[in-house]
Amino acid sequence: MKNFFSITLGVFLLFFPKCQHFCEANPGNSPHIALFNYNEVKLLPSPFLSAMSKDVELLQAVEPDKFLSGFRSEAGLEPKASKYGGWESDGVAGQSFGHYLSAYAIWYAYSGDQNALKKLNYCMDELELCQKTNGNGYLAATPNGKRIFKEVSEGNIYSKGFDLNGGWVPVYVMHKVLAGLMDVYIYTGNKKALNIAQNLGNFLYATFAHLTNEQIQKVLDCEHGGIKESLANLYGLTNEKRFLELSGKFTHTAITDPLEHHQDHLSGLHANTQVPKIVGSARYYELANNPNDSVIASFFWETVTQNHTYVNGGNSDGEHFGDPGKLSNRLSLSNSETCNSYNMLKLTEHLFCWNPVSKYMDFYEKSMYNHILATISPETGTGMYYTPLVSGGKKSYLSFDYPVCCSGTSMENHVKYNRLIYAKSDKQDILVNLFIPSVLDWKEKKITISQYANIPANNTSELIINTPSKSKFRLMIRSPYWSKNTRIFINTEEIQCSVSPQGYFVLERTWKNNDKVTLQFGLETYTVAMPDNDKRVGLFYGPVLLAADLGEKDIDMESQIPVIIPEDKTPETWISKISDYPLRFKMHVAENPSDVTLIPMYNIHKQYYQVYWDIFGKDEWKKIEDKYKAERKKIQELEKITLDYCVLGEMQPERDHNFRGHNTPNGLFNKKKFRGTWLEGWFSFEMKVSPDQPVDMVVTYWGQDANKHEFDLLIDDYLLEKQELPAMETEDFRQVVYHLPAGTTKDKEKMTVRFNTIPNKMTPRVFNCRTILRSPK
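Predicted model, so just to flag it, every value in this text is computed and none were measured.

Student: An account of the pairing of strand 30 (residues 682–688) is needed here, citing residue identities and associated values.
Tutor: Where burial is concerned, most of strand 30 is hidden: five out of the seven residues are buried. With three bridges connecting them, strand 27 (residues 660–662) and strand 30 associate as antiparallel partners. If you follow Gly661 over to strand 30, its bridge partner there is Phe683. Both strand 30 and strand 35 (residues 750–757) contribute to a ladder of seven bridges, which runs antiparallel. Note that in strand 35 the partner of Phe685 across the bridge is Val753.

Now the structure itself:
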């Protein structure tokens, strides 16, 4: 047992024999942890199988020619169909296509679906034609991509903060395409896919390998996704060392250097920009044996999961990290971007293969049950961008025809539920990591292990072993943190089994046909508090986050959002189960209203809901009730009258609001992004307005930006007023309300806001802008 778990260098095995040489570059003699092929683990009926089936319906409805349109046009070929909308019609064309290739290839590996194979082969034929037409290995749908990469290769590198040479994240998109190509090769055996990937890798090497480190770091200041990981994987498939060399150059030292020294400098950073970089560090460590990358990956995982993660296993607010351990005041409609959890699960998989301890599967399970599974529409199979965690939040599903980043990751998320249910070691130990109904077909041993569970509707998981002859191996079952006093039976006999230091029950014996292992978990309701506020908690039953079903009608924050005023802090005294199928609870000591129905977060769809609860003593509640309700009411009222909101200096909001500008730097100040200007600079963006109601505009500045900061503020072509902000006495953010004249918004759905410098002056830092319906006097 000890030898098995003392793994200092693990192995990330992919799923078919042709790619197991990914491991050959790993030094050391540690036992290997391998994951089973996708076709060796079949899901049985459960919410996970339902989500997978709905996701596959979406994949089958995809029209490849719409995704291929941009590739053909950039190669000078006539497109066969118009592009999808959303990012595929913008500068990030190809991003969702890369995920589509990966997801459909994984589905083929799982199911053997010949229609999926046919479509994937067609895509490879089309991409090969585009690449050959380009002539130099280049392959992308990025508008003006050839110009961009030519300029970069020549050392002419420039950016406004969210772009590379005027193109929206072109290296990020290249990563998605490369990853999709390699997955098609790995999971379908299409050699053409590997050849295309190799040619693309050669193009990237010719473009970047000769650049100085300073130039590379300038490139990496623009979001670049997991290009480090993809190049390392390309080396693993081809054994061509130039790809590993180039992978090493794509190390963004501004991010990795603090992590290497166990410093959390993530506050204010765009969250999902960082996670793929760290996945790249993990993969590079496995292939290049650079111990610094192991430290980077491990510390990043620890600090994100401990200091930046909400109760649903997701992270970020408005796509950004906040201060470590400060989450209580960061609840909003823009929590928990789906892409973040997709990438955190990838990172967790690497770390688990290095050191298979239960904490990794504890997090993996929490995020998969309570974030990933909760993001898929049961009607359309589409995913979600954010999962709101503010009280009174409501889910908003993405459009199939308008893909964005989380559309792509969602395609993959729901065909991968079987990925880590089981694992194995080269000592022939079987690890049972997750309690999801499934059948493991251990082909090399001709053994199947069937797991029947419906956690947490009931408290039992049964593992039935079918073997043609007696077989000796260790069955290692994770001891879940949410189970109190787990009981284990082999056939009908209860056994005593202690938990190893790594968090697993170890059952070693000679197994015979139809042996049955029964696990009886001690399920209970419990709370998980905010790291910075022990009176703000989430409610769980087993691994499942419970949410209050607040109904589908608009709610009143003052009267309908409950708080908890318990006589006893033990949840079992004020929460009772009322149904197993479907799983439902009643909470009896809430205020406004007195009884609340709780259901799993993944079963919330059209309802308003609540997942975080404020706990008060009765005397405490009486003292602060009016103030507490008034503050929540104020938040709700602001949301009701808000027409639009834009964070300046941040890539996605600026793209969404058609940002334009000249001599306009962006930056981070007091942990908030901003836009400003140099001399003779300007910037503009679009905001939604009401065509028939008075509108106000609220702009956030820094109070001490005064005197030298004079500027013209225009609405479309109308000069709203010449601005000179007087300094505030204290250093703080300030909000200025502009009452827009009726003529500036009449009969309009949106307006263009423009900040212009005047001679020898600069604009102040502008942090955000909000348009709201004007409240009557």
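Student: Just give me the short version of the nonpolar core, but keep the residues and values in it.
Tutor: Counting 225 residues, the largest nonpolar core has Phe208, Leu475 and Met697 as the members making the most contacts within it. It is helix 7 (residues 170–188) that provides the largest number of residues to this core, a total of 12 residues. Leave out the neighbours within four places in its chain, and Met697 touches Leu713, Ile715, Leu720, Val736, Val737, Tyr738, Leu740, Met751, Val753, Cys769, Arg770 and Thr771. The next biggest cluster of nonpolar side chains, apart from the first, holds five residues, and it includes Val563, Phe616, Trp621 and Tyr628.

Student: How would you sum up the packing of helix 15 (residues 338–354) against helix 16 (residues 358–372)? Please name residues and give values.
Tutor: Relative orientation and spacing of two packed helices are given, respectively, by the angle between their axes and the distance between those axes. Their axes nearest at 10 Å, the elements helix 15 and helix 16 cross at an angle of 155 degrees. By the criterion of interaxial angle, the relationship of helix 15 to helix 16 is roughly antiparallel. Both helix 15 and helix 16 take part in a crossing whose hand is left-handed. Contact with helix 15, carried on its side by Thr338, Ser341, Tyr342, Met344, Leu345, Thr348, Leu351 and Phe352, involves Tyr360, Met361, Phe363, Tyr364, Ser367, His371 and Ile372 of helix 16 and no other residues of that element. The class makeup of the residues in the contact of helix 15 with helix 16 is 10 nonpolar, five polar and no charged.

Student: Describe in detail the pattern of salt bridges, supporting the description with residues and values.
Tutor: Taken as a whole and judged by the stated rule, the model has 32 salt bridges. The partner of Lys192 in a salt bridge is Asp125, and the shortest N-O contact between them spans 2.7 Å. In this pair, Lys192 sits in helix 8 (residues 191–208) while Asp125 sits in helix 5 (residues 114–134), placing the two residues 67 residues apart along the sequence. Overall, Lys192 belongs to the partly exposed group, its relative accessible area being 27%. Close ionic contact of Glu128 with Lys192 constitutes a salt bridge, the shortest N to O distance being 3.4 Å. With Glu128 in helix 5 and Lys192 in helix 8, the pair connects residues that are 64 residues apart, well separated along the chain.

Basis of the calculations
- Residues numbered from 1 in each chain as written.
- Predicted model: local features only at pLDDT ≥ 70, side-chain atom pairs only at ≥ 80, totals over all residues.
- Heavy atoms only, no water.
- Buried < 20%, exposed > 50% of the residue type's maximum accessible area, 1.4 Å probe, protein only.
- Helix = DSSP H or I, 4+ residues; strand = E, 2+ residues; numbered from the N terminus.
- Pairing = 2+ DSSP bridges.
- Core = buried A, V, L, I, M, F, W, Y, C linked by side-chain atoms within 4.5 Å.
- Contact = heavy atoms within 4.5 Å.
- Axes fitted to C-alpha atoms, helices over the stretch in contact; angles between N-to-C directions.
- Parallel < 35°, antiparallel > 145°, perpendicular 65-115°, else oblique.
- Left-handed = near helix turned anticlockwise from the far one by under 90°.
- Nonpolar A, V, L, I, M, F, W, Y, C, P; charged D, E, K, R; others polar.
- Salt bridge = Lys/Arg side-chain N within 4 Å of Asp/Glu carboxyl O.

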